[in-house]
Amino acid sequence: LALGLLVLALAWFSIKLALPWDRLPPIWLPNAVWVAFLIRSDLRRWPALLIAGFLGNLCASLILDQRLQSVVGLAAANAAESAICAAATLRVLGGRVSLERSRDVALFSAVALASSALSATLGGFWLEQLNHVGLKTNWLAWAMSNTLGLVVLTPLICAVTPASLMTLLRRDRIWRPGLVLAAIIGDILLAAAIPFHSLPLLAPPTPEMPAPVPPL
């Protein structure tokens, strides 16, 4: 239930970032939290967590008046991305992504990019069948948006433990996580404030983006 509500809130927020400019979200946040929950949970809990995240994605889209037929397929694509990313992380890194080891960060980034590309392909194919929107129209923006969310948030969430949290909150060190958090928030707001493209700093502009649908 907690994961479903969190995914719903983050999906709603991510879509709202994009609505003023009628484009894809600059960063897709819910999958990052979804993957972190899966990585830190027993495999026996995965079916319940995947269903909770799927319903959270679905409800966020419906609240924002998206078409049910479209968002079912998009939510399923995000569920596939989260499951594959978490499973690959467990396989390759043992479920531990250390921000202090460049190898871990590089491997997780590759896993995040591959799973996001698969999600963008599945979602793009679904939209192509329903709305006749070309697969390539939003593919790059979707893949980079989801990858950015995974790379920025998932390792940070996985690294948080009670002991590490107490260490970070010490008076002489609290400014460090504060700066990181401020940088993440600033990055998201900067991308959201630039109307020219979903990912102006990471992806080239797309000549035509007819009625893009957020990746849910």
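Residues numbered from 1 in each chain as written. Predicted model: local features only at pLDDT ≥ 70, side-chain atom pairs only at ≥ 80, totals over all residues. Heavy atoms only, no water.

### Details of the overall build of the chain
Next up, step 1: Across its full length, the chain holds eight helices and zero strands.
Next up, step 2: Secondary structure elements in the chain, listed N-terminal to C-terminal, are α-α-α-α-α-α-α-α.
Next up, step 3: A total of 216 residues make up the chain; the buried ones form 44% of that total.
Next up, step 4: For the chain, contacts bridging at least 24 residues in sequence account for 71% of all contacts bridging at least 6.
Next up, step 5: In the form shown here, the chain has an accessible surface area of approximately 11,200 Å², with 70% of it arising from carbon and sulfur atoms. (Helix = DSSP H or I, 4+ residues; strand = E, 2+ residues; numbered from the N terminus. Buried < 20%, exposed > 50% of the residue type's maximum accessible area, 1.4 Å probe, protein only. Contact = heavy atoms within 4.5 Å. Areas by Shrake-Rupley, 256 points an atom, 1.4 Å probe, with all protein chains shown as cover.)

### A look at the environment of isoleucine 39
Next up, step 1: Along the chain, isoleucine 39 turns up in helix H2 (residues 30–39).
Next up, step 2: Residue classification places isoleucine 39 among the buried positions, given a relative accessible area of 8%.
Next up, step 3: On a C-alpha basis, the gap between isoleucine 39 and leucine 90 in space is 6.8 Å, while along the polypeptide they are 51 residues apart.
Next up, step 4: Look past the residues within four positions of isoleucine 39 in its chain and what remains in contact with it is Ala86, Thr89, Leu90, Gly95, Thr154 and Cys158.

### Things to note about the state of the cysteines
Next up, step 1: Under the defined criterion, the tally for this structure stands at zero disulfides.
Next up, step 2: Of all cysteine sulfurs in the structure, the one in cysteine 158 sits closest to cysteine 85, which takes part in no disulfide; the separation is 9.1 Å.
Next up, step 3: Owing to a relative accessible area of 0%, cysteine 85 belongs among the buried residues under this scheme. (Disulfide = S-S within 2.5 Å.)

### Considering helix H6 (residues 139–159)
Next up, step 1: For H6, with 21 residues, the first-to-last C-alpha span of 30 Å sits near the 30 Å given by 1.5 Å per residue.
Next up, step 2: Approximately 30 degrees is the largest bend angle found in H6, and it occurs at leucine 153, with the proline proline 155 only one to four residues beyond.
Next up, step 3: Taken as a whole, H6 has its buried residues at Ala141, Trp142, Ala143, Ser145, Asn146, Thr147, Gly149, Leu150, Leu153, Thr154, Pro155 and Cys158. (Expected span 1.5 Å × (residues − 1). Bend = angle between axes of the 7 residues up to and from the residue.)

### Side note on the packing of H2 against helix H4 (residues 68–93)
Next up, step 1: Two elements in contact, H2 and H4, have axes whose closest approach is 9 Å; the angle formed by their N-to-C orientations is 45 degrees. Classed by the angle they form, the pair H2 and H4 counts as oblique. Between H2 and H4 lies a crossing of right-handed hand. Each of Asn31, Trp34, Val35, Leu38 and Ile39 in H2 lies in contact with H4, whose residues at this interface are Asn78, Ala79, Glu81, Ser82, Ala83, Cys85, Ala86, Thr89 and Leu90.
Next up, step 2: Within the contact of H2 with H4, the residues separate by chemical class into nine nonpolar, four polar and one charged. (Axes fitted to C-alpha atoms, helices over the stretch in contact; angles between N-to-C directions. Parallel < 35°, antiparallel > 145°, perpendicular 65-115°, else oblique. Left-handed = near helix turned anticlockwise from the far one by under 90°. Nonpolar A, V, L, I, M, F, W, Y, C, P; charged D, E, K, R; others polar.)

### Let's talk about the nonpolar core
If you look at soluble globular proteins, the nonpolar side chains tend to sit buried side by side.
Next up, step 1: Among the nonpolar cores identified, the biggest contains 25 residues, and Leu3, Val35, Leu38, Cys85, Ala86, Phe108 and Leu150 are the most heavily contacted of them.
Next up, step 2: Every element with two or more residues in this core is listed here: helix H1 (2–18), H2, helix H3 (46–63), H4, helix H5 (102–131) and H6.
Next up, step 3: A per-element tally of this core places H2 first, with seven residues.
Next up, step 4: If we ignore the near neighbours within four places in the chain, the residues touching phenylalanine 108 are Cys85, Thr89, Leu93, Val97, Leu150, Val151, Thr154 and Pro155.
Next up, step 5: Counting six residues, the second-largest nonpolar core is a separate cluster that includes Ala77, Leu127, Trp142 and Ala143. (Core = buried A, V, L, I, M, F, W, Y, C linked by side-chain atoms within 4.5 Å.)

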